[in-house]
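# A closer look at the structure
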Amino acid sequence: MKLRVLPPVFRGRLHDARTATSIGRWLGPAFALCFVTGLVSHFMQHPPVWLADRIPSRPSWGYRFTQGLHVASGIAAIPLLLAKLWTVYPRLFAWPPLRSARHALERLSVAVLVAGAVFELATGLLNTVQWYPWPFSFVPVHYAVAWLVTGALVLHIAVKAPEIRAHWSRRSPGTLSLPAQDAADRRSLLAAVAAAVGAVTLTTVGQSLTPLKNLILFAPRHPDHGPQALPVNRTAAAAGVGRVADEQYRLVVAGPRPYTLTLDELRALPQHEAELPIACVEGWSRSAHWTGVRVADLLERSGAPADARVRVVSLQLRGGYRVSEMGHEHARDPLTLLALRLNGEELDPDHGYPARLIAPNRPGVLQTKWVGRLEVLS
Ligand SMILES: Nc1nc2c(c(=O)[nH]1)N[C@H]1C(S)=C(S)[C@@H](COP(=O)(O)O)O[C@H]1N2
Ligand SMILES: [Mo]
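The structure reproduced in this document is the subject of the present report. (Residues numbered from 1 in each chain as written. Chains lettered and ligands numbered in written order. Predicted model: local features only at pLDDT ≥ 70, side-chain atom pairs only at ≥ 80, totals over all residues. Heavy atoms only, no water.)

## Digging into the overall build of the protein chain
Heads up, the condition is: Numbered from the N terminus, helices here are DSSP runs of H or I no shorter than four residues, and strands are runs of E no shorter than two. To sort residues, take the accessible area from a 1.4 Å probe on protein chains only and compare it with the maximum for the residue type: under 20% means buried, over 50% means exposed, and anything in between is partly exposed. We call two residues in contact whenever any of their non-hydrogen atoms come within 4.5 Å of each other. His is not counted, nor are the chain ends; Lys and Arg add positive charge and Asp and Glu add negative charge. Charge coordinates come from a single atom per side chain, which is NZ of Lys, CZ of Arg, CG of Asp or CD of Glu.
Secondary structure assignment for the protein chain yields 11 helices and 10 strands. With the principal axes as the frame, the protein chain shows a C-alpha extent of 90 × 45 × 45 Å. The buried share among the 378 residues of the protein chain stands at 47%. Taking contacts inside the protein chain between residues at least 6 apart in sequence as the whole, the part at least 24 apart equals 69%. Across the protein chain, the mean location of the 40 positive side-chain charges is 14 Å away from that of the 26 negative side-chain charges.

## Topic: unusual backbone geometry
What is expected of a backbone is that most residues other than glycine have negative phi and most peptide bonds are trans. Pro59 follows Arg58 through a cis peptide bond whose omega is -5°. With respect to the helices and strands, Pro59 occurs in the loop between helix H2 (49–52) and helix H3 (62–88). Note that the residue after Tyr353, namely Pro354, is joined by a cis bond; omega there is 5°. Of note, Ala229 is a non-glycine position whose phi angle comes to about 55°, a positive value. Topologically, Ala229 is positioned in the loop between helix H8 (180–202) and strand S1 (250–254). Of note in the backbone geometry, Trp370 takes a positive phi value of approximately 50° without being a glycine.

## Structural notes on helix H4 (residues 101–128)
Basically, it comes down to this: The span you would expect from a helix comes to 1.5 Å times its residue count less one.
End to end, H4 covers 41 Å across 28 residues, agreeing with the expected 40 Å (1.5 Å per residue, within 8%). Its buried side turned inward, H4 meets helix H1 (17–45), H3 and helix H5 (138–159). Gln130 sits one or two positions beyond H4 and adopts a positive phi of about 55°.

## Details of the sheet that holds strand S2 (residues 259–262)
Condition: Here, a strand pair is defined by DSSP locating no fewer than two bridges between the strands. Lines are fitted to the C-alpha atoms to define the axes, a helix being fitted only along its stretch in contact, and any angle between axes, read from their N-to-C directions, falls within 0 to 180 degrees.
Read from one edge of the open sheet, five strands run S2-S1-S10-S5-S6, paired in mixed fashion. Looking at the sheet topology across the chains shown, the edges are occupied by S2 and strand S6 (323–326). In this sheet, adjacent strand axes meet at a mean angle of 15° when their direction is disregarded. Relative to S2, S1 runs antiparallel, the two sharing four bridges.

## Focus on the site of ligand 1
Test applied: Definition of nearness: a residue and a molecule or strand are near each other if at least one heavy atom of the residue lies within 4 Å of the molecule or strand. Here a polar contact means two N or O atoms within 3.5 Å. Within protein one must be a hydrogen donor candidate and the other an acceptor candidate, and residues neighboring in sequence count only if both atoms are side-chain atoms. Under the scheme applied here, ten amino acids are nonpolar (Ala, Val, Leu, Ile, Met, Phe, Trp, Tyr, Cys and Pro), four are charged (Asp, Glu, Lys and Arg), and all others, including Gly, are polar.
Neighbouring ligand 1 are 20 residues; Pro231, Arg234, Gln316, Arg356 and Lys369 lie closest to it. Here Pro231 contributes a backbone N or O atom positioned 2.4 Å from an oxygen atom of ligand 1. Within the side chain of Arg234, a nitrogen or oxygen atom sits 2.8 Å from an oxygen atom of ligand 1. Residues of the shell around ligand 1, tallied by class, amount to nine nonpolar, seven polar and four charged.

## A short note on the packing of H1 against H3
Selection rule: Roughly parallel means an angle under 35 degrees; roughly antiparallel means over 145; roughly perpendicular covers 65 to 115; every other angle is labelled oblique. In a left-handed crossing the near helix is turned counterclockwise from the far helix by less than a right angle, and in a right-handed crossing that turn is clockwise.
The interhelical angle for the contact between H1 and H3, taken along N-to-C directions, is 150°, at an axis separation of 8 Å. One way to sum up the angle between H1 and H3 is to call them roughly antiparallel. Two packed elements cross with a definite hand, and for H1 against H3 that hand is left-handed. Partitioning the contact of H1 with H3 into residue classes produces 17 nonpolar, 12 polar and one charged.

## Observations concerning the nonpolar core
Selection criterion: By nonpolar core is meant a set of buried Ala, Val, Leu, Ile, Met, Phe, Trp, Tyr and Cys residues that side-chain atoms within 4.5 Å join together.
Counting residues in hydrophobic clusters, the biggest one holds 51 residues, and the most contacted among them are Leu251, Leu266, Trp290, Leu298 and Leu338. Considering every element that reaches this core, the biggest residue donor is strand S7 (residues 337–342), with five residues.

## Some remarks on the pairing of strand S5 (residues 309–314)
Counting buried positions along S5 gives five out of six residues, so the element sits mostly inside the fold. Sheet topology places S5 next to strand S10 (residues 371–377); six bridges connect them, and they run antiparallel. The partner of Val310 across the bridge, within S10, is Val376. Inspection of the sheet shows S5 paired to S6 by four bridges, in the antiparallel sense. Within S6, the position partnered with Val313 by the bridge is Val323.

## Topic: the pattern of salt bridges
Stated precisely, the cut-off is as follows: A carboxyl oxygen of Asp or Glu within 4 Å of a side-chain nitrogen of Lys or Arg is what we treat as a salt bridge.
The full count for this structure, using the stated rule, is 17 salt bridges. Among the ionic pairs, Asp224 bridges to Lys213, the shortest N-O distance being 3.1 Å. Separated by 11 residues along the polypeptide, Asp224 in the loop between H8 and S1 and Lys213 in the loop between H8 and S1 bring together distant segments of the chain. The salt bridge partner of Arg332 is Glu300, with a shortest N-O separation of 3.1 Å. Taken as a pair, Arg332 in the loop between helix H11 (328–331) and S7 and Glu300 in helix H10 (residues 295–301) lie far apart in primary sequence, 32 residues in all. The class for Glu300 is exposed, based on a relative accessible area of 52%. The structure contains a network of salt bridges with shared partners spanning Asp53, Arg309, Arg311, Glu325, Arg373 and Glu375.

## Examining the packing of aromatic side chains
Our working definition: Any two of the Phe, Tyr and Trp rings considered here, Trp counted by its six-membered ring, make a pair once their centres fall within 6.5 Å; the pair's planes then place it as stacked at under 30 degrees, edge-to-face at over 60, or tilted in between. Both a distance and an angle decide whether a charge sits over a ring: NZ of Lys or CZ of Arg must be within 6 Å of the ring centre and within 35 degrees of the ring normal.
Counted under the stated rule, the structure contains 10 aromatic pairs. Plain terms: the ring middles of Phe35 and Trp147 are 5.0 Å apart, the flat faces sit at 85° to each other, and that makes the pair edge-to-face. Taken together, the positions of Phe35 in helix H1 and Trp147 in helix H5 put the pair 112 residues apart, joining distant regions of the chain. Overall, the relative accessible area of 43% leaves Trp147 in the partly exposed class. On the basis of an interplanar angle of 50° and a centroid distance of 6.4 Å, the ring pair of Tyr132 and Phe138 is categorised as tilted. Members of the aromatic cluster, connected to one another through ring pairs, are Phe119, Tyr132, Trp134, Phe136 and Phe138. Across the ring face of Trp168, the terminal group of Arg25 is positioned such that the distance to the ring centre comes to 4.7 Å.

This is how it looks when you write it as structure tokens:
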């Protein structure tokens, strides 16, 4: 007897190009928005040489906005991608599996697209909860795969352009041949997907869009939870800094005319106030009221040239975020402070006591805590 393995038969009627197009209409823009805002984040954190001194320090909420969109569009893309994969998965069993070299290439590009898209959303989501169950480092791999996915997506849209065009609008000829019942079912499916997108968005976006903070169910951070009503990413204990003793603290400003200040001397300098957010790459952000010494004043006193770049060095001895750099736009912005106070109190040790950097339009990871040194770079 000859055994034959038959491909499965799918009787569900919504595994068709029209449903795939309807979902793609939302999934495509979500990925595009996620990619563009991801690029912004990447270049603000790791600017190439030509850009390093050109990043604007305004609007002060710029990074908070783009990174909030990055994480929100990524989260919204999860139910969209799942729905899209459900719609098209019967094609995995298409028979014969390969019809021609062109068909083989197309299937390969779809495989890259699906694998890359799942990888980006999964690693991005896990990054928002600071869980890294993989051996590679998140940022460079998430960044590289984003280009791969974007390339595969552009190719996919180009290959599918005729089908997309045929199914794009309600009146397109593709619809006429389909039974009326399918249209009703499709509307239900799309309504369910829209509800899922709305639900995951509304229950997470409050981590950054603070007016919606009371709707937070799944976001890893609540913007109010933390000392002085501000979340903490790395505590003083985790950073190995602990509570810095007042009498031991020194701020070194290493410019053309280097000098050192004690904490009392720093407190005696003119203090300024700023309302600025901490906007973490992980998607939470929170605005706060900061008081401290203008970095511009400290640099001026050291004789730093107006266009100098500055390196900010933490008292923390190990860890990736102990040093940050900024261009002259940030260094000379009157809102850029070496903050000593937060929301009317001395900084909590977890927020960088006795002094931390706070600057407008800057990723949270570059808002260095426990600052011990400002170095003027030539
Ligand atoms: N020295 C030092 N500064 C740091 C960090 C760090 O690990 N070490 N973490 C950064 C990150 S990732 C963020 S989001 C903010 C968090 O600031 P907050 O704890 O004051 O809210 O601090 C930044 N400054
Ligand atoms: Mo962060």
